[in-house]
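Secondary and tertiary structure notes
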Amino acid sequence: MATRVIPNYSLYGVQAQPAWQNWFDFEWIPQRSRPYNWKIRPHQHDALIQILYVTQGSGEVLFDHAKASFSAPCLLIIPAQTVHGFDFSEDVDGPVVTAAQRPLESLISLASPELLASLRKPAVMALDDASGHAQALMPLFLAMEREAQIQAAGQLTAGMALLTAICIQVARLTQTNEASVSKAHSRKSAQIEKFRNMVDEHFTRHLPIGDYAGQLGITPGQLSRLCREVLGMSSLDVVNARVIHEAQRGLVYTGNSIKQLAYTLGFADENYFCRFFRKHTGLSPREFRAKAMSAMLIPATIKSTSANV
């Protein structure tokens, strides 16, 4: 039996190249779709994410095995390794940004890791013309077009910074759309936000989950189910993750000893803290500190270059 092979392209119609050769690219939808009679057959990009801002026209998009209709104005988010295809109307228009997903995610994860979820799931996002977030999109896309067309110092940095700003708008629009889905979901989100605020305030006290649940007016079981539904983890995982986050920050950005850090985080016993840290990270506190500090060191070649300036 013959096996159907899904073509792998860097951009549709151009055979895939190593991802580092094209960190970002800009074009308009008609540029690539018109030569194919407005129909783009199913294909995938191994390393590239695409964001389409449909400002005119309509069509149908295939995401893996599901089809969805869309009409302007809307955003189409196509993460790397997503099989996708299009059937555009002949009046379709709008900008398309293609970028290497891993470098983009690395950049975003440094400052705003909460944005990553909106870049990892294919989506059709209908836009409200009156939305401030939607109005902010086109100037960013047009600025990216200018960067893509010039050869100047800092082109890559400027382009990726603009793409990060676009991703911020995408995440804000995602949050806005999700918030309006149902009042019940909004109520759950509010409860989760209150729980996380309480954890931020009390995580060094190692309170039982029942104490948090009681302040929310629900049972520990209900709190854990709520956390799994909204955050994808248990309530205890939320508390432990907050402790680990603070421990990692202390190991990297302070010179405190392991014993001092354990005491600061509410652990009466240094050995227990070390076991807790290894369980959740796979490394001892000392191993984590050494690895993190090594990763932050400036390479000798950069030091010598700076010294000669």
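Heads up: the structure comes first, above all this text.
Below is a short write-up of the structure. (Residues numbered from 1 in each chain as written. Predicted model: local features only at pLDDT ≥ 70, side-chain atom pairs only at ≥ 80, totals over all residues. Heavy atoms only, no water.)

Right, let's get into the overall build of the chain. Helix and strand counts for the chain come out as 13 helices and 11 strands. By the burial criterion, 40% of the 309 residues in the chain qualify as buried. Residue pairs at least 24 apart in sequence account for 69% of intrachain contacts in the chain once pairs closer than 6 positions are excluded. Total accessible area on the chain is roughly 17600 Å²; 53% of this is exposed by carbon and sulfur atoms. (Helix = DSSP H or I, 4+ residues; strand = E, 2+ residues; numbered from the N terminus. Buried < 20%, exposed > 50% of the residue type's maximum accessible area, 1.4 Å probe, protein only. Contact = heavy atoms within 4.5 Å. Areas by Shrake-Rupley, 256 points an atom, 1.4 Å probe, with all protein chains shown as cover.)

With that settled, the discussion passes to the layout of surface pockets. Computed from the structure, the second largest pocket encloses a volume of approximately 350 Å³. If you go around the second largest pocket, the residues you meet are Glu193, Arg196, Asn197, Val199, Asp200, Leu231, Met233, Val238, Ala241, Arg242 and His245. Elements with a minimum of two residues in the lining of the second largest pocket: helix 6 (183-202) and helix 9 (235-253). The leading source of residues in the lining of the second largest pocket is helix 6, at five residues. For the lining of the second largest pocket, a count of residues per class yields five nonpolar, two polar and four charged. (1 Å grid on protein atoms, 1.4 Å probe; cavity = no way out; pocket = protein on both sides within 12 Å on 5 of 7 lines; lining within 4 Å. Points joined across faces, edges and corners; volume = space filled by probe spheres on them. Nonpolar A, V, L, I, M, F, W, Y, C, P; charged D, E, K, R; others polar.)

Looking at where Thr82 falls in the secondary structure, it is placed in the loop between strand 8 (74-78) and strand 9 (84-88). A residue is classified by how much of its surface remains accessible, and Thr82, at 6% relative accessible area, is buried. If near-sequence neighbours (up to four positions away) are discounted, Thr82 is found in contact with His43, Gln44, Phe63, Asp64 and Pro122.

Counted according to the given criterion, the structure contains 10 salt bridges. Note that Lys39 and Asp87 form a salt bridge whose closest N and O atoms lie 3.0 Å from each other. With Lys39 in strand 4 (residues 39-43) and Asp87 in strand 9, this pair connects stretches of sequence that are 48 residues apart. Salt bridges here are not isolated pairs; linked through shared partners, they connect Asp200, Arg242, Glu246 and Arg249. (Salt bridge = Lys/Arg side-chain N within 4 Å of Asp/Glu carboxyl O.)

To continue, consider the sheet that holds strand 9. Taken in spatial order, the four strands of this open sheet run 4-9-6-7, and their pairing is antiparallel. Single-partner strands in this sheet number two, and they are strand 4 and strand 7 (66-71). The average angle at which neighbouring strand axes cross in this sheet is 15°, direction not considered. Relative to strand 9, strand 4 runs antiparallel, the two being bridged by three bridges. Among the inter-strand pairings, Ile40 is bridged to a residue of strand 9, identified as Phe86. (Pairing = 2+ DSSP bridges. Axes fitted to C-alpha atoms, helices over the stretch in contact; angles between N-to-C directions.)

This next bit is on the nonpolar core. Among the nonpolar cores identified, the biggest contains 32 residues, and Phe195, Tyr212, Leu223, Leu265, Phe267, Phe273 and Phe277 are the most heavily contacted of them. Within the residue set of this core, elements represented by two or more residues are helix 6, helix 7 (209-216), helix 8 (220-231), helix 9, helix 10 (258-264), helix 11 (270-281) and helix 12 (285-296). Top element by residues in this core is helix 9. It accounts for seven residues. Aside from chain neighbours lying at most four places away, what touches Phe267 is His206, Val243, Ala262, Tyr272, Phe273 and Phe276. (Core = buried A, V, L, I, M, F, W, Y, C linked by side-chain atoms within 4.5 Å.)

Bridge count between strand 6 (residues 58-63) and strand 7: six bridges; the pairing is antiparallel. Looking at strand 7, one finds that Glu60 is bridged to Ser69. Pairing of strand 6 with strand 9 involves five bridges; the strand directions are antiparallel. The partner of Glu60 across the bridge, within strand 9, is Asp87.

The next thing to look at is the pairing of strand 5 (residues 48-54). Burial runs high along strand 5: seven of the seven residues are buried. The alternating pattern of strand 5 places Leu48, Gln50, Leu52 and Val54 and Ile49, Ile51 and Tyr53 on opposite faces, both of which are buried. Inspection of the sheet shows strand 5 paired to strand 10 (residues 95-100) by five bridges, in the antiparallel sense. Bridge assignment links Leu52 to a residue of strand 10, and that residue is Val96. Sheet topology places strand 5 next to strand 8; five bridges connect them, and they run antiparallel. Bridged to Val54 within strand 8 is Cys74.

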